[in-house]
Amino acid sequence: MDLFERLQGMKVLLVEDEPLIRDSLRRFFANENCAIMAVETGEDALEIIKGNDCDIIIADYRLPGMDGLEFLKRAQRLNARFKKILLTAYMTEAVISEAFRLGVHEFIEKPFSMEDLEEALARILEKR
Amino acid sequence: MRKSMLNILAFLGGGVLFSLLSLLESARPGPDFSLQTSLLLLSGGFGGVAVRFWFLQRWQSREREADLALLVRTGRRIHQLLAERKSRDELLQGICRILVDEAHYFSAWLALINRDGALVRCAEVGLGEQFFRVRQSMEKGVFPACAKKALAGEGLVVSAPANRCAGCILAKDDADRVCFTSRLSHHDQVYGLLTVSTSGSREHDLEEQVLFGEIAQDVGQALYRMELEEQRAVTENRFRELVENSLAGILLIQDNAIIYRNPEQKRLFGPLPAHFRTDAFAGVHPDDLEKVEGAYARVSSGEASSVDVDFRFYPQQTPGATQAMKWVFCRASRIDYQGRETVLVSMLDITRNRELEQIVRVQDKMSSLGRVAAGIAHEIRNPLSGINIYLDTLGKIHERQENLETVGEILAQMKVASGKIESVIRRVMDFSKPGQPRLTLVDVNQPVENALFLCAAALRRDRVGVEKDLAGDLPRCRLDASLIEQVVLNLLTNATEALRHAEEKMISVRTVFEKEAVVIRVGDSGPGIPEDRRGKVFDPFYTTKSDGTGIGLSLCQRIINDHHGTLVVESSVWGGAEFVISLGPAPERNG
């Protein structure tokens, strides 16, 4: 079964401050007849999680206000069920080890393309 | 003995002659030898003696006159010799030679002593072998008695045959000679002694002795002058050596012409053509020409007694050789040289220092860049990711030929993304570009905005709030935008680091026109800098950071000083530090 057909029934949340990434991903998913929710900050994302169950959260590490890991930590307290993908532009040892402790399922290093994201999503779905 | 014999003969002659004459007169020859006859004989004898004395006196006074005239001429000859500036040995030998050859002295010798009284050099004429012994003992510090007396300051010492010392220099067969010894001195300074021997008849000739004393005085004065000249030559030599071996290039300018250059100056500037005009400033870097002309005009017109200026120049080229640009620090002062107004220029080659400074500047830029590298990576990788995803989307659209109406929007978005990347790269390149300050008319807000842009990501990451208040109507300044950007970025990263442990993380960036200056203020809400450390923070290598080099702020101040501005630290509204840059606006042209 095609990856995006399986994703059609899932709720994907993107937390990313770069408008170009939010816009490009939204367009790609739309083109695949999928919908993703995209927000700019961790604070906005927490509001959404409070009211909705999410299946997959793709979060950028560097965010205005709380950073991606802080957001994931808080989000986990609200809803432990979702899969986590972390985007980073500048990976450091400290970030990686912190992410492992939080149980982040996939890392994607920027710059990335859809191939990287599709592979990560595919691995997550297989593990389910 | 001889004298008394002559007197007796004159007495007898006179007596006989007178009595014979009286007898012839009276015409009374006879053997009677009366009292009258005896009286006649006696008076005749005395008369004969008187006549002898009269003749003798006359003859002697003629001889003395000739002698004194000779001595005066000798004095003149010695004067001439002293004026000829010969070497000391030649001079001393010459004096002795004149005294013996041209005056009536049998011998003459001269000894010079140093301040400790030891023999330095001596000369003689007319003594030959006899002098050798005396010279040897004088070298051991034993002077003849007459010499000792003269050196002790007894004036002219006359040693007659009767009171000659045991070891007299004169041989026994010269026993009837008399010696005159005089000290050679000037103003209490004793240089040595002069001794002559002459006929014993001059033992009591005062005028002769006075003239000899005057000759000795002249010689003493000449020795004093020689000593002065030697001292002056030594001093001059010392100064010349100092100047010739100086690490600084030194040149003297009189009436706009170079009259002296020391070796270092020649090395620095290379050969100068004969017609070189100092006011043409050939070879000076065009950017520094105005500065150099102004400084030279100030000092040569007398407006300033001394000016300091640093400038770049290209040394005058020897044909076929390529000379690299040099950088010198130069001080020009007005001095009086040989009674004329002269400009003394001393210059230090600071090319190497400037090169090192340049390297440090570049390194500091690089370390600033390193500190914002994460931010820059983010700035590039984000739009690049966007482009990648848009391309994937376009690929899918092309493959399926669906949703074709969105292609235009996607292409427009991609253009935005690539534009973002381009602008980041340009800013980084501008920032790290090495080179000399290039002053252009710039709105100060532009480099401030650029610096804020470069560290925006880092500020966001560290959750630092920025209060930005840039005045819109600032007069433009002549400055190197990339250098000012470097300074502001440095201040911003410093502020961010100061906020690491702060509760409230705020940075304020303001530009304002106040007190005829364009002012940039970068403040933070960190712990601030105590009053007593405010002067120190600009010192090179002063740092409170464990990983800092202490170069950043000193370099910032250097850059601002190069722009003729000031950089100081004050307190911010939050009680933290506030760095204040003041820059003079460019003079308005055409009103």
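What comes next is a walk through the structure. Just so it is clear, the model here is predicted, and its values are computed rather than measured.

**Details of the pairing of strand β9 (residues 326-337) of chain B**
Residues and elements named next belong to chain B.
Okay, so step 1: Bridge count for strand β8 (residues 306-313) against β9 is eight bridges, and the pairing is antiparallel. Its bridge partner being in β9, Phe 313 is matched across the sheet by Lys 326.
Okay, so step 2: When β9 meets strand β10 (residues 340-349), the two strands line up antiparallel, connected through 10 bridges. Bridge pairing in β10 links Ala 332 to Val 345.
Okay, so step 3: Hairpin connection of β9 to β10: two residues between the antiparallel strands, including Gln 338 at a positive phi of 50°.

**Concerning the packing of helix α3 (residues 42-51) of chain A against helix α4 (residues 68-78) of chain A**
Residue and element names in this part refer to chain A.
Okay, so step 1: Where α3 meets α4, the closest approach of the two axes is 10 Å, and the angle between their N-to-C directions is 15°. On the basis of their axis angle, the class for α3 and α4 is roughly parallel. Viewed along their axes, α3 and α4 form a crossing whose handedness is right-handed. On the side of α3, the interface is formed by Gly 42, Ala 45, Leu 46, Ile 49 and Lys 50, while α4 contributes Glu 70, Phe 71, Arg 74, Ala 75 and Leu 78.
Okay, so step 2: Its residues assigned to classes, the contact of α3 with α4 comprises six nonpolar, one polar and three charged.

**Quick look at the pairing of strand β1 (residues 107-113) of chain B**
Residue and element names in this part refer to chain B.
Okay, so step 1: Counting buried residues along β1, six of its seven residues qualify, which places the element largely inside the surrounding structure.
Okay, so step 2: With six bridges joining them, β1 and strand β2 (residues 119-125) adopt antiparallel strand pairing. Each bridged residue has a counterpart across the sheet, and for Leu 110 the counterpart in β2 is Ala 123.
Okay, so step 3: Between β1 and the antiparallel strand that follows it, β2, lie five residues; Gly 117 among them carries a positive phi value of about 90°.

**Things to note about the environment of Ile 581 of chain B**
All names here are of chain B.
Okay, so step 1: With respect to the helices, strands and loops of the structure, Ile 581 is situated in strand β17 (residues 577-583).
Okay, so step 2: On a C-alpha basis, the gap between Ile 581 and Arg 521 in space is 6.4 Å, while along the polypeptide they are 60 residues apart.
Okay, so step 3: Sequence-distant contacts of Ile 581, that is, excluding residues within four places in its chain, are made with Val 487, Val 519, Ile 520, Ile 560, Gly 565 and Leu 567.

**What to know about the sheet that holds strand β2 (residues 36-39) of chain A**
Residues and elements named next belong to chain A.
Okay, so step 1: Ordered in space as β2-β1-β3-β4-β5, the five strands form an open sheet in which the pairing is parallel. Since the sheet does not close on itself, it has two edges, and those belong to β2 and β5 (106-109), each with one partner. The mean inter-strand angle of the sheet, taken between neighbouring strand axes irrespective of direction, is 15°.
Okay, so step 2: Seen against the sheet, helix α6 (residues 114-127) touches β3 (56-60), β4 (83-88) and β5 and runs at an angle of roughly 180° to β5.

**Points about helix α5 (residues 93-102) of chain A**
Note that an α-helix has 3.6 residues per turn; residues three or four places apart therefore point the same way.
Okay, so step 1: Taking burial as the measure, the 10 residues of α5 of chain A include one buried ones, a minor fraction of the element.
Okay, so step 2: Gly 103 of chain A occupies a position one or two residues after α5 of chain A and carries a positive phi of about 75°.

**Observations regarding the packing of helix α11 (residues 445-461) of chain B against helix α12 (residues 481-498) of chain B**
All names here are of chain B.
Okay, so step 1: Running from amino to carboxyl end, α11 crosses α12 at an angle of 35°, the nearest separation of the two axes being 8 Å. Like other packed secondary-structure pairs, α11 and α12 cross with a definite hand, here right-handed. Residue-level contacts link Gln 446, Pro 447, Val 448, Asn 450, Ala 451, Leu 454, Cys 455, Ala 458 and Leu 459 of α11 to Ala 481, Ile 484, Glu 485, Val 488, Leu 489, Leu 492, Thr 493 and Thr 496 of α12.

**As for helix α8 (residues 286-300) of chain B**
Residue and element names in this part refer to chain B.
Okay, so step 1: A rise of 1.5 Å per residue sets the reference length of α8, with its 15 residues, at 21 Å; its end C-alpha atoms lie 21 Å apart and thus fit the reference within 8%.
Okay, so step 2: Val 292, Tyr 296 and Val 299 are the residues of α8 that are buried. Each buried residue of α8 lies within a common arc of 65° when the element is viewed along its axis, so the set occupies one face. Among the exposed residues of α8, those oriented more than 90 degrees off its buried face are Glu 290 and Gly 294.
Okay, so step 3: Gly 302 occupies a position one or two residues after α8 and carries a positive phi of about 90°.

**Brief notes about the sheet that holds strand β5 (residues 189-199) of chain B**
Residues and elements named next belong to chain B.
Okay, so step 1: The strand order across the open sheet built from five strands is β2-β1-β5-β4-β3, with neighbouring strands paired in antiparallel fashion. For this open sheet the edge positions go to β2 and β3 (157-159), each flanked by a neighbour on one side alone. Ignoring which end each strand starts from, the neighbouring axes of this sheet average 15° apart.
Okay, so step 2: Looking at chain direction, strand β4 (residues 177-186) and β5 are connected through 10 bridges and run antiparallel. Across the sheet, residue Arg 183 finds its bridge partner in β5, namely Leu 193.
Okay, so step 3: Its contacts with the sheet put helix α3 (residues 88-101) on β1, β2 and β5, and the angle it makes with β2 is roughly 35°.
Okay, so step 4: The strands touched by helix α6 (residues 206-244) are β3, β4 and β5; relative to β4, the strand with the most contacts, the crossing angle is about 35°.

**Considering the interface of chain B and chain A**
Okay, so step 1: Between chain B and chain A, the contact holds 26 residues from the first and 19 residues from the second.
Okay, so step 2: Looking at the side of chain B that touches chain A, the elements that each hand over two or more residues are α9 (351-400), α10 (407-432) and α11 of chain B.
Okay, so step 3: Looking at the side of chain B that touches chain A, the element that brings in the most residues is α9 of chain B, giving 16 residues.
Okay, so step 4: A breakdown of the residues in the side of chain B that touches chain A according to their chemical character gives 11 nonpolar, nine polar and six charged.

**Structural notes on unusual backbone geometry**
Okay, so step 1: For the bond from Lys 110 of chain A to Pro 111 of chain A, the omega torsion is 0°, close enough to zero to count as cis.
Okay, so step 2: With respect to the helices and strands, Pro 111 of chain A occurs in the loop between β5 and α6.
Okay, so step 3: Of note, Gln 338 of chain B is a non-glycine position whose phi angle comes to about 50°, a positive value.
Okay, so step 4: Position of Gln 338 of chain B among the secondary structure elements: in the loop between β9 and β10.
Okay, so step 5: Classification of Gln 338 of chain B as exposed rests on a count of 8 C-beta atoms within 10 Å.
Okay, so step 6: Despite not being glycine, Lys 515 of chain B shows a phi value in the positive range, around 50°.
Okay, so step 7: Summarising the element assignment, Lys 515 of chain B is placed in the loop between β14 (506-514) and β15 (517-524).

Each value, and the rule that gives it
- Residues numbered from 1 in each chain as written.
- Chains lettered and ligands numbered in written order.
- Predicted model: local features only at pLDDT ≥ 70, side-chain atom pairs only at ≥ 80, totals over all residues.
- Pairing = 2+ DSSP bridges.
- Helix = DSSP H or I, 4+ residues; strand = E, 2+ residues; numbered from the N terminus.
- Axes fitted to C-alpha atoms, helices over the stretch in contact; angles between N-to-C directions.
- Parallel < 35°, antiparallel > 145°, perpendicular 65-115°, else oblique.
- Left-handed = near helix turned anticlockwise from the far one by under 90°.
- Contact = placed C-beta atoms within 7 Å.
- Nonpolar A, V, L, I, M, F, W, Y, C, P; charged D, E, K, R; others polar.
- Buried ≥ 20, exposed ≤ 12 C-beta atoms within 10 Å, placed from the backbone.
- Expected span 1.5 Å × (residues − 1).
- Arc of directions from axis to C-beta.

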